[in-house]
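# Summary of structural features
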Amino acid sequence: MASILDTLTDQLGGDTLKQLSGMLGADEQTTGAATGAALSTLLGALSRNASTPQGAEALSGALSRDHDGSVLDNVGGLLGNPEAGGGDAILGHVLGNRRGRVESALSQTTGIDQGSAGKLLAALAPMVLGALGRQQKQGSMDASALAGMLGQERQALAQR
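Okay, so let's go over this structure. (Residues numbered from 1 in each chain as written. Predicted model: local features only at pLDDT ≥ 70, side-chain atom pairs only at ≥ 80, totals over all residues. Heavy atoms only, no water.)

## Examining the overall build of the chain
Formally: Put simply, DSSP H or I for four residues or longer makes a helix, DSSP E for two residues or longer makes a strand, and each gets a number counted from the N terminus. Radius of gyration: over C-alpha atoms. The globule rule applied is 2.2 Å multiplied by the number of residues raised to the 0.38 power. Each residue is assigned to one of three classes by its accessible area relative to the maximum for its type, calculated with a 1.4 Å probe on protein chains only: buried under 20%, partly exposed between the two thresholds, exposed over 50%. Residue contacts follow a heavy-atom distance rule, with two residues in contact if any of their heavy atoms lie within 4.5 Å. Throughout, the Shrake-Rupley method with a 1.4 Å probe supplies accessible areas, and for residues the shown protein chains are the sole cover considered. Counting rule applied: Lys, Arg positive; Asp, Glu negative; His and chain ends not counted. In this description, the location of a charge corresponds to atom NZ of lysine, CZ of arginine, CG of aspartate or CD of glutamate.
Within the chain, the secondary structure is distributed over nine helices and zero strands. For the chain, the succession of helices and strands along the chain, N to C, is α-α-α-α-α-α-α-α-α. In terms of C-alpha radius of gyration, the chain reaches 14 Å, essentially the compact-globule figure of 15 Å for 160 residues. In terms of principal-axis extent, the alpha carbons of the chain reach across some 40 × 30 × 30 Å. Counting the 160 residues in the chain, one finds 44% classified as buried. Considering only contacts in the chain between residues 6 or more positions apart, those separated by 24 or more positions represent 76%. For the chain, the exposed surface amounts to about 7700 Å²; the carbon and sulfur share of it is 48%. Charged side chains of the chain number 11 positive and 15 negative; the gap between the two group centres comes to 6 Å.

This is the structure we're talking about:
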């Protein structure tokens with residue numbers, strides 16, 4: 001099974017990267033770097049949240065209810081109307097009161113402004129949950145297996 005990051009990176013090349021760049025008002029190279037950092041940040045936060053049994057159960061339930069992966073079938077449509085994906089609400093659950101600090105750090109490390117960092121995270125959040133939901137469904141994972149997979153993703157990201 002491909003890693004979540006690999007699945008999402010495959011989705012975010014070519015025309016999708018151009019569309020993201022236009023949304024952010026940044027060049028493709030900067031957008032690509034910012035996208036990689038944002039995906040790593042989101043996966044790390046989800047892994048941290050799922051590291052407790054309660055957090056893993058909450059994430060598993062949210063994926064089962066609301067994130068079956070279908071969002072990945074029309075990424076261009078999501079980016080054309082990012083509010084429809086519920087990214088801001090997802091970030092509220094995933095990052096909580098750390099959102100401003102995360103956006104600031106993403107801005108500082110990638111060179112995009114903080115507002116663009118927030119837009120990027122909000123656009124990517126439904127895609128990350130969609131990819132997780134798809135893998136959970138395909139692998140028939142319970143909350144514990146989902147937490148384990150996210151822990152492996154986090155370790156792989158740390159080694160990159």
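## Examining helix α3 (residues 28-49)
Put simply, the rule reads: Given the number of residues in a helix, its expected span is that number minus one, multiplied by 1.5 Å.
With 22 residues, α3 ought to run about 32 Å at 1.5 Å a step, and its terminal C-alpha atoms sit 31 Å apart, in line with that. Within the span of α3, buried status applies to Thr 31, Ala 34, Thr 35, Ala 38, Leu 39, Leu 42, Leu 43, Gly 44, Ala 45, Leu 46 and Ser 47.

## Overview of the packing of helix α8 (residues 114-138) against helix α9 (residues 143-158)
As a reminder of what qualifies: Helix axes are fitted only over the stretch in contact, all axes being lines through C-alpha atoms; the angle between N-to-C directions runs from 0 to 180 degrees. Convention used here: angles under 35 degrees read as roughly parallel, angles over 145 as roughly antiparallel, angles from 65 to 115 as roughly perpendicular, and any remaining angle as oblique. It is the rotation of the near helix from the far one that decides the hand of a crossing: anticlockwise by less than a right angle makes it left-handed, clockwise makes it right-handed. When residue character is reported, Ala, Val, Leu, Ile, Met, Phe, Trp, Tyr, Cys and Pro are called nonpolar, Asp, Glu, Lys and Arg charged, and the others, Gly included, polar.
At a minimum axis distance of 11 Å, the contact between α8 and α9 shows a crossing angle of 125°. Taken together, α8 and α9 sit at an angle that is classed as oblique. Crossing angle aside, the handedness with which α8 passes α9 is right-handed. Across the interface between the two elements, Leu 132, Gln 135 and Gln 136 of α8 pack against Leu 146, Met 149 and Leu 150 of α9. Tallied by class, residues from the contact of α8 with α9 come to four nonpolar, two polar and no charged.

## Let's talk about the side chain of Ser 21
Within the secondary structure, Ser 21 sits in helix α2 (residues 14-24). Residue classification places Ser 21 among the buried positions, given a relative accessible area of 6%. Residues within four places of Ser 21 in sequence aside, it is in contact with Ala 26, Asp 27, Glu 28 and Thr 31.

## Topic: the pattern of salt bridges
Quick note on the threshold: Salt-bridge detection follows one rule: a side-chain nitrogen of Lys or Arg within 4 Å of a carboxyl oxygen of Asp or Glu.
Taken as a whole and assessed by the stated rule, the structure comprises three salt bridges. The salt bridge partner of Asp 73 is Arg 134, with a shortest N-O separation of 2.9 Å. Residue Asp 73 is located in the loop between α4 (53-66) and α5 (75-80), and its partner Arg 134 is located in helix α8; the two are separated by 61 residues in the primary sequence. Given the relative accessible area of 59%, Asp 73 is considered exposed. You can call Arg 134 partly exposed: its relative accessible area is 24%. Glu 103 is the salt-bridge partner of Arg 99, the closest N and O atoms lying 2.7 Å from each other. Here the residue Arg 99 and the residue Glu 103 both occupy positions in helix α7 (residues 99-110), the gap between them amounting to four residues, near one helical turn. Its relative accessible area of 12% is what places Glu 103 among the buried residues. Residues joined in a network through salt bridges with shared partners are Asp 88, Arg 99 and Glu 103.

## Structural notes on the packing of α3 against α7
Taken N-terminus to C-terminus, the directions of α3 and α7 make an angle of 145°; their axes are 10 Å apart at the nearest point. Crossing geometry of α3 relative to α7 is assigned as right-handed. Listed contacts from α7 to Thr 30, Ala 33, Ala 34, Ala 37, Ala 38 and Thr 41 of α3 are Val 102, Leu 106 and Thr 110. A breakdown of the residues in the contact of α3 with α7 according to their chemical character gives six nonpolar, three polar and no charged.

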